[in-house]
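# Understanding the architecture of this molecule
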Amino acid sequence: MKTNIERIDKLCENRILSRKDFAILLTSMDNEDEEHLFKTARAVREKYYGKKVFLRGLIEFTNYCKNDCYYCGIRRGNKNVVRYRLSDEEIFDCCDNGYKLSFRTFVLQGGEDMFYSDEHIARIVEGIKKRCPDSAVTLSVGERSRKSYQTFFDAGADRYLLRQETSDPSHYAKLHPKELTIETRKRCLDDLKDIGFQVGCGIMVGSPYQTVDNIIDDLFYMHDFEPHMVGIGPFIPHSDTPFRDKKAGTLADTLHLLGIIRLMLPKVLLPATTALGTIHPTGREMGLSAGANVVMPNLSPTGVREKYTLYDGKICVGDEINNCLLCLEQRIKSVGYIPTAGRGDFIGFKRKQNLTDI
Ligand code: SAH
């Protein structure tokens, strides 16, 4: 009989466990196991990234969305949302402010808003690259065609975040209306990787109907896909969605998964998410101590932040960015890490040439 400590060591050595070992580990860790997991995960992240924690400036540029995902506060069907879009100039202003504060990655996230054509997004990416030449641009604008993704890449976009949400088709169908499928989602992720983006996938921890088996499927999916980034945070209900009465994901489950993902994908860029900071006042600090190495302060204008509400209780909606940054830097330092300016690319990643450069 193996102990959980042995399972953790085995995961660290082989980067993978059997289904059965994952199942036991995910459901039976005691305090001592947990400490061993986090300590091992910290050692692995420090081997590759030292004490650095990378800062990404998040710009929530539109809350219009054509999708109706059951968990998400900005779903099309939520009539209580006051919708907004940032103009190109407003987006550039966010980046200029962020740049002065030493941000070198800008993450443009939004609902799936077709107001922004491929060419429009490409123009925004080019505009950011021109103003902030040594910065990385990350897009998180959902499912589009391979051709669209190629247009974004050719415009200079570096990274793309698209969570698979769950790799199990029947669980996927419980979280999304039928026009959204895991097959399309995975096709998008494959296209993004193939085109040459640094790609992030991920899940919500404790999403409604999620089973331990679902989580194990997601771990195997991530192991095979080898993402450069993984975004995970607890599911948190939003009062204007069909999941308003569902339970939130837990702190412990999220921290365990962060530790496990760090051991499975040693070089992965792994954020301690805002959702984690929302379910516990020091959730992000605990996330960093469990293996995370990225935080994403909000660079959106303060006036729109509360309108970009994916779940109830979102933190940092009112703070000026300077205060936000000071607060986060303090939080990072409080657990022994160093807030780090710079692009913070995946170690060893080489960008393919753009088609237009050849
Ligand atoms: N439209 C983009 C951005 C989505 S928002 C896209 O499709 O990728 C980014 C992530 O927030 C989602 O992938 C989802 O995992 C998470 N999210 C949405 N609603 C949430 C909720 N209620 N609780 C926690 N996370 C949520």
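Description of the structure in this document. Being a predicted model, the structure only gives us computed values, none of them experimental.

### Brief notes about the packing of aromatic side chains
Evaluation of the coordinates by the stated rule reveals twelve aromatic pairs. On the basis of an interplanar angle of 10° and a centroid distance of 5.6 Å, the ring pair of Tyr221 and Phe225 is categorised as stacked. Taken together, the residues span about one helical turn, with Tyr221 and Phe225 both in helix H9 (residues 212-225) at a distance of four residues. Pair check on accessibility: Tyr221 and Phe225 agree, each one buried. Site record: aromatic cluster; members linked through ring pairs are Tyr149, Phe152, Phe153, Tyr160 and Phe197. Lying over the aromatic face of Tyr64, Arg85 brings its terminal NZ or CZ to 3.8 Å of the ring centre. Lying across the ring of Phe153, Arg351 places its NZ or CZ 3.9 Å from the centre.

### Side note on the sheet that holds strand S4 (residues 136-140)
One open sheet accounts for six strands, arranged S2-S3-S4-S5-S6-S7; its pairing is parallel. Taken across any chain shown, the strands that pair with only one partner, and hence form the sheet edges, are strand S2 (57-62) and strand S7 (229-234). Neighbour to neighbour, the strand axes of the sheet diverge by 20° on average, direction disregarded. Of the pairings in the sheet, the one linking strand S5 (residues 159-161) to strand S6 (residues 198-205) comprises three bridges and is parallel in character. Counted as the bridge partner of Tyr160 is Val199 from S6.

### Considerations on unusual backbone geometry
Its identity is not glycine, yet Arg15 carries a phi of approximately 65°, on the positive side. Inspection of the secondary structure puts Arg15 in the loop between helix H1 (4-14) and helix H2 (19-27).

### Looking at empty space enclosed by the protein
Counted by the stated rule, this structure contains two cavities of 30 Å³ or more. Taken together, Arg284, Glu285, Leu288, Val295, Leu328, Arg331 and Ile332 form the lining of the second largest cavity. Looking at the lining of the second largest cavity, the elements that each hand over two or more residues are helix H12 (283-289) and helix H14 (321-334). By residue class, the composition of the lining of the second largest cavity is four nonpolar, no polar and three charged.

Cut-offs used in this document
Here, residues in each chain are numbered from 1, in the same order as that chain's written sequence. Totals for whole chains, interfaces and linings use all residues, but because this is a predicted model, local features are given only for residues with pLDDT of at least 70 and pairs of side-chain atoms are given and counted only at 80 or more. Side-chain measures here rest on the full set of heavy atoms in the structure, leaving out hydrogens and waters. In this scheme Phe, Tyr and Trp rings, the latter by its six-membered ring, pair at centre separations within 6.5 Å, and the angle between planes marks the pair as stacked below 30 degrees, edge-to-face above 60, and tilted otherwise. Only DSSP runs of H or I reaching four residues or more are called helices, and only runs of E reaching two or more are called strands; each is numbered from the N terminus. Buried residues are those whose accessible area, probed at 1.4 Å on protein chains only, stays under 20% of the maximum for their type, while exposed residues exceed 50% and partly exposed ones sit between those limits. As a reminder, the over-ring test applies to NZ of lysine and CZ of arginine, requiring each to be within 6 Å of the ring centre and within 35 degrees of the ring normal. Here a strand pair is declared whenever DSSP counts at least two bridges between the two strands. In this analysis, axes come from line fits to C-alpha atoms, helices being fitted only over the stretch in contact, and the angle between any two N-to-C directions falls in the range 0 to 180 degrees. Put plainly, a pocket is an open set of points on a 1 Å grid over the protein atoms alone with protein on both sides within 12 Å along at least five of seven lines, a cavity is a set where a 1.4 Å probe fits but cannot get out, and a lining residue has an atom within 4 Å of a point. Grid points are joined across faces, edges and corners, and a volume is the space filled by probe spheres set on the points. Asp, Glu, Lys and Arg are counted as charged, while Ala, Val, Leu, Ile, Met, Phe, Trp, Tyr, Cys and Pro are counted as nonpolar; the rest, among them Gly, fall into the polar class.

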